[in-house]
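Now for the letters of each chain:
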Amino acid sequence: MPETALLTAPHPDSWSAALDDLVDLIGDRPTVVLTGAGISTDSGIPDYRGPDTPPRTPMTYQQFVGDPVFRQRYWARNHVGWRYMDAARPNAGHRALAELERGGAVTGVITQNVDLLHTKAGSRRVIDLHGSYAQVRCLGCGARISRMALAEQLEQANPDFATATVTGLEVAPDADAVVEDTSGFRMVDCPRCGGMWKPDIVYFGESVPPERVAAAYELVDAAEVILVAGSSLTVLSGRRFVHRVARNGGTVVIVNRGATRSDGLADRRLDAGCSPALSGLAELYRIRGARPADGPPGAA
């Protein structure tokens, strides 16, 4: 088990030294990135477990499918919250990872987030481990539609519900908005079979689809370094990839505000925000000319 070096950046000189150290450690070895909610806070999406985050109790799969009152509350709050997530834009941390991938420093991103911000930023190889806010599926027949299409149906059933809510609502990383009164909200069912719609998101108490896990392991097993960005690694679905790299003899680097569940496996841990840290890494790679970015997303 490595002896972790905790790096902080209270002074510009030490910040520069910390980033230099990370680039020296990572070098030109294939690096996979695992991201959590902390990378999206600068896009206006709050964290689950950050140092200044109030306690959150996400709905479980069992509650959603087993209790119509829970399900009604979820859809009412999501009917408001998904719009905030859809309007969110990538921040400097997302853009830095996309640049590092274009330049070859990053082989791919495994994200625990459902906000699609890595894809919007231009990252090409992204595994949305826990799904996406932008799709829903029927638990009866398996039909899938976009969240926008469902929003139109819910708006017809609940005219002006979303616009009548107070602006500036708190929205969780799973697009759950804090709306107190949801008792009058009307749900809609799948027109094909009458089954219940569910966001294409892996809930607590639900398993990640095995083909998605296999694709993530393929990325991890081809890497020599795993860079964790913005995750406390509380959830096993993401933490297992860190353990896999460590067992394979690879290098573990963690960039996160606050402690994580895998600090004991880290070769380096940088206690800092993702936007400045990842932007700094990308800039250093440009300066050193190790892997210059090959242009904007989509460039040949």
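This section reports on the structure supplied with the text. As the structure is a prediction and not an experimental result, all values here were calculated from the model. (Residues numbered from 1 in each chain as written. Predicted model: local features only at pLDDT ≥ 70, side-chain atom pairs only at ≥ 80, totals over all residues. Heavy atoms only, no water.)

1. Concerning the overall build of the chain
Each helix and strand counted, the chain has 10 helices and 10 strands in total. Counting only residues that meet the buried cut, the chain has 52% of its 300 residues in that class. Counted over contacts in the chain with a minimum sequence separation of 6, partners at least 24 positions apart contribute 73%. Surface summary for the chain: the accessible area is close to 13400 Å², and the carbon and sulfur share equals 51%. (Helix = DSSP H or I, 4+ residues; strand = E, 2+ residues; numbered from the N terminus. Buried < 20%, exposed > 50% of the residue type's maximum accessible area, 1.4 Å probe, protein only. Contact = heavy atoms within 4.5 Å. Areas by Shrake-Rupley, 256 points an atom, 1.4 Å probe, with all protein chains shown as cover.)

2. Quick word on the packing of aromatic side chains
Note on aromatic pairs: each is described by the distance of the centres and the angle between the planes. Taken as a whole and assessed by the stated rule, the structure comprises eight aromatic pairs. Relative to Y203, the ring of Y74 lies with its centre 5.7 Å away and its plane at 45°, an arrangement referred to as tilted. Remark: Y203 occurs in the loop between β7 (197-201) and α8 (210-221) and Y74 occurs in helix α3 (residues 68-87); sequence separation between them is 129 residues. A single burial state applies to Y74 and to Y203, both of which are buried. Look at W82 and Y133: their rings are 6.5 Å apart centre to centre, the planes differ by 35°, and that puts the pair in the tilted class. With W82 in helix α3 and Y133 in strand β5 (residues 131-138), this residue pair connects regions lying 51 residues apart in the sequence. Take W82: its relative accessible area is 4%, and that puts it in the buried class. What links up through ring pairs into an aromatic cluster is the set F64, Y74, W75 and Y203. Note that R244 overlies the ring of Y217, its terminal NZ or CZ placed 4.0 Å from the centroid. (Phe/Tyr/Trp six-rings, centres within 6.5 Å; stacked < 30°, edge-to-face > 60°. Lys NZ or Arg CZ within 6 Å of the ring centre and 35° of its normal.)

3. Brief notes about the packing of α8 against helix α9 (residues 236-247)
Closest axis-to-axis distance for the α8/α9 pair is 10 Å, and the angle between their directions is 35°. Crossing handedness for the pair α8 and α9: right-handed. Listed contacts from α9 to V213, A216, Y217, V220 and D221 of α8 are R240, F241, R244 and V245. Here the contact of α8 with α9 is composed, by residue class, of six nonpolar, no polar and three charged. (Axes fitted to C-alpha atoms, helices over the stretch in contact; angles between N-to-C directions. Left-handed = near helix turned anticlockwise from the far one by under 90°. Nonpolar A, V, L, I, M, F, W, Y, C, P; charged D, E, K, R; others polar.)

4. Some words on the packing of helix α4 (residues 92-102) against helix α10 (residues 274-288)
Direction vectors running N to C along α4 and α10 enclose 30°, while the axes themselves pass 7 Å from each other. One finds that α4 runs roughly parallel with respect to α10. α10 is crossed by α4, and the crossing has left-handed handedness. Across from A92, G93, A96, L97, E99 and L100 in α4, the residues of α10 making contact are C274, S275, L278, S279, A282, Y285 and R286. For the contact of α4 with α10, the class distribution of residues is eight nonpolar, three polar and two charged. (Parallel < 35°, antiparallel > 145°, perpendicular 65-115°, else oblique.)

5. So, the environment of R71
Structurally, the position occupied by R71 is in helix α3. Non-local contacts of R71, meaning those with residues more than four positions away in its chain, are made with F64, V65, G66, M187 and M196.

6. So, the pairing of β7
With respect to burial, β7 is a largely interior element, five of its five residues being buried. Two elements, β5 and β7, share four bridges in a ladder whose sense is antiparallel. Its bridge partner lying in β7, G131 is registered against I201. (Pairing = 2+ DSSP bridges.)

7. A closer look at the side chain of D128
With respect to the helices and strands, D128 occurs in strand β4 (residues 126-128). As a buried residue without a salt bridge, D128 has its nearest oppositely charged side chain in R212, at a separation of 7.5 Å. In this structure D128 touches T111, N113, L116 and R212, once residues within four positions along its chain are discounted. (Lys, Arg positive; Asp, Glu negative; His and termini not counted. Salt bridge = Lys/Arg side-chain N within 4 Å of Asp/Glu carboxyl O.)

8. Remarks on the sheet that holds strand β6 (residues 144-146)
One open sheet holds the three strands; their spatial order is β6-β5-β7, and the pairing between them is antiparallel. Whereas interior strands pair on both sides, the edge strands pair on one side only; in this sheet they are β6 and β7. With strand direction ignored, the average angle separating the axes of adjacent strands in the sheet is 40°. Where helix α6 (residues 147-157) meets the sheet, it contacts β5, β6 and β7, and its direction lies at approximately 80° from that of β6.

9. A word on the pattern of salt bridges
This structure, assessed with the given rule, holds 12 salt bridges. In this structure, the salt-bridge partner of D24 is R288, at a minimum N-O distance of 2.8 Å. Remark: R288 occurs in helix α10 and D24 occurs in helix α1 (residues 12-26); sequence separation between them is 264 residues. Here the residues in one salt-bridge network are R137, R144, K198, D200 and E206, joined through shared partners.

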